[in-house]
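Listed below are the residues making up each chain.
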Amino acid sequence: MTWILLRGLTREARHWGEFPRRLEPFVQTPAAGAPQILTLDLPGNGAFYRELSPCAVRPMVEFARQQLRASGNGPPYRLMAMSLGGMVAADWAQQYPREVSRLVLINTSLRPFSGVTERLRPGNWMRLALLAARWQGGESPDYVEQAIHQLTCQCIASRDADLAAWVRIRKEAPVSLANAGRQLWAAARFSGPKVPGCPVLVLSSQGDQLVHSRCSARLAEAWNAAHHEHPWAGHDLPHDDPAWVGQRVAEWLRAQDPLRTDALTAALRRL
């Protein structure tokens, strides 16, 4: 059983931090044991920061599929993705239904279910413009990552460690302003109304400053998907409360497969 994790706009695999390790006990099965959890980078980010980001979501899907084929990891996959990564995962499930057996979407938004002012809250447009103006420059890594942390995270207990890691990532694999713009354009244009053929879980955050939580609520309603909303977390829900994410995923999987009860109960007791 392989889980694929996809991040959002300008983020990469390392931005998941400890989340993949913390997710593992919640998604294991008695028969298969520990799952394989893979974190992929989209073109223009992470290991592929020198490549040109596509201006559409579909090429990002093909890029991810190519990575997996090259590494010898075949379907079916269970996809967990947030924000722009959620759009990639949704399109993947829609276009290649035999490859995706489960889909978990975190703080994402899709046309036609939500408008532009919900998909990117107007109160942050000026802040994002200022962020873009200082995206590159001598002092930019510290400033940009501090601004991103303020926009995406409500939990600040690990802020200093987060910023140190994020600044290092930005220096090692800087996402260009042009690629950031292309990714934003791809997200703005993407429309995915088709209901995926696999079970879907939608998770959202009441404290999300970037994407209104009603985007997830409307998506879940349109697709008749399970939906849970965190009461205070920000856009980066896996960062703010990884245990809550793991619990919601475990409960969702358990509802589909009662045989997983013993393993999941043990995982919950280890919290």
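One can find the structure itself at the top, above this paragraph.
Residues numbered from 1 in each chain as written. Predicted model: local features only at pLDDT ≥ 70, side-chain atom pairs only at ≥ 80, totals over all residues. Heavy atoms only, no water.

What about the nonpolar core?
Which entries qualify depends on this criterion: We define a nonpolar core as any set of buried Ala, Val, Leu, Ile, Met, Phe, Trp, Tyr and Cys residues linked to one another through side-chain atoms lying within 4.5 Å. Burial classification: accessible surface area is computed with a 1.4 Å probe over protein chains only, and a residue below 20% of its type maximum counts as buried, one above 50% as exposed, and the rest as partly exposed. Put simply, DSSP marks the helices as runs of H or I at least four residues long and the strands as runs of E at least two long, and each gets a number from the N terminus on. Contact definition: two residues touch when any of their heavy atoms are within 4.5 Å.
Counting residues in each nonpolar core, the largest one holds 35 residues, and the members touching the most others are Ile 4, Leu 6, Leu 79, Trp 92, Leu 103, Leu 110 and Trp 223. By residue number, the principal contributor to this core is helix α3 (residues 84–95), which donates seven residues. When neighbours within four sequence positions are excluded, Ile 4 is seen to be in contact with Leu 38, Leu 40, Leu 68, Tyr 77, Arg 78, Leu 79 and Met 80. Within the second largest apolar cluster, 20 residues are counted, among which are Leu 23, Ile 37, Leu 201 and Leu 237.

Notes on the packing of helix α1 (residues 19–27) against helix α11 (residues 242–256)
Put simply, the rule is: Between N-to-C directions, angles cover 0 to 180 degrees, with each direction set by a line fitted to C-alpha atoms, over the stretch in contact for helices. Note on terminology: angles under 35 degrees are roughly parallel, angles over 145 are roughly antiparallel, angles of 65 to 115 are roughly perpendicular, and the others are oblique. Here is the rule for handedness: rotate from the far helix to the near one, and if that takes an anticlockwise turn smaller than a right angle the crossing is left-handed, while a clockwise turn gives right-handed. Residues are grouped as follows: Ala, Val, Leu, Ile, Met, Phe, Trp, Tyr, Cys and Pro are nonpolar; Asp, Glu, Lys and Arg are charged; every other residue, Gly included, is polar.
Two elements in contact, α1 and α11, have axes separated by 9 Å at closest approach and are oriented at 30°. The angle between the axes of α1 and α11 places the two elements in the roughly parallel class. The way α1 lies across α11 gives a crossing that is right-handed. Listed contacts from α11 to Phe 19, Arg 22, Leu 23, Phe 26 and Val 27 of α1 are Pro 242, Ala 243, Val 245, Gly 246, Gln 247, Val 249, Ala 250 and Leu 253. Here the contact of α1 with α11 is composed, by residue class, of 10 nonpolar, two polar and one charged.

Here we look at the environment of Leu 184
Assignment of secondary structure puts Leu 184 in helix α8 (residues 177–189). Considering only alpha carbons, one finds Leu 184 and Leu 9, 175 residues apart in sequence, at a separation of 7.0 Å.

Section: helix α9 (residues 214–223)
Which entries qualify depends on this criterion: The arc in question is formed by the directions pointing from the helix axis toward the C-beta atoms.
What α9 keeps buried is the set Cys 215, Ser 216, Leu 219, Ala 220 and Trp 223. The arc enclosing the buried residues of α9, seen along the axis, measures out at 130°, which places them on a common side. Looking at the buried side of α9, the elements it contacts are α3, β4 (100–106), α4 (116–119), β5 (200–205) and β6 (226–230).

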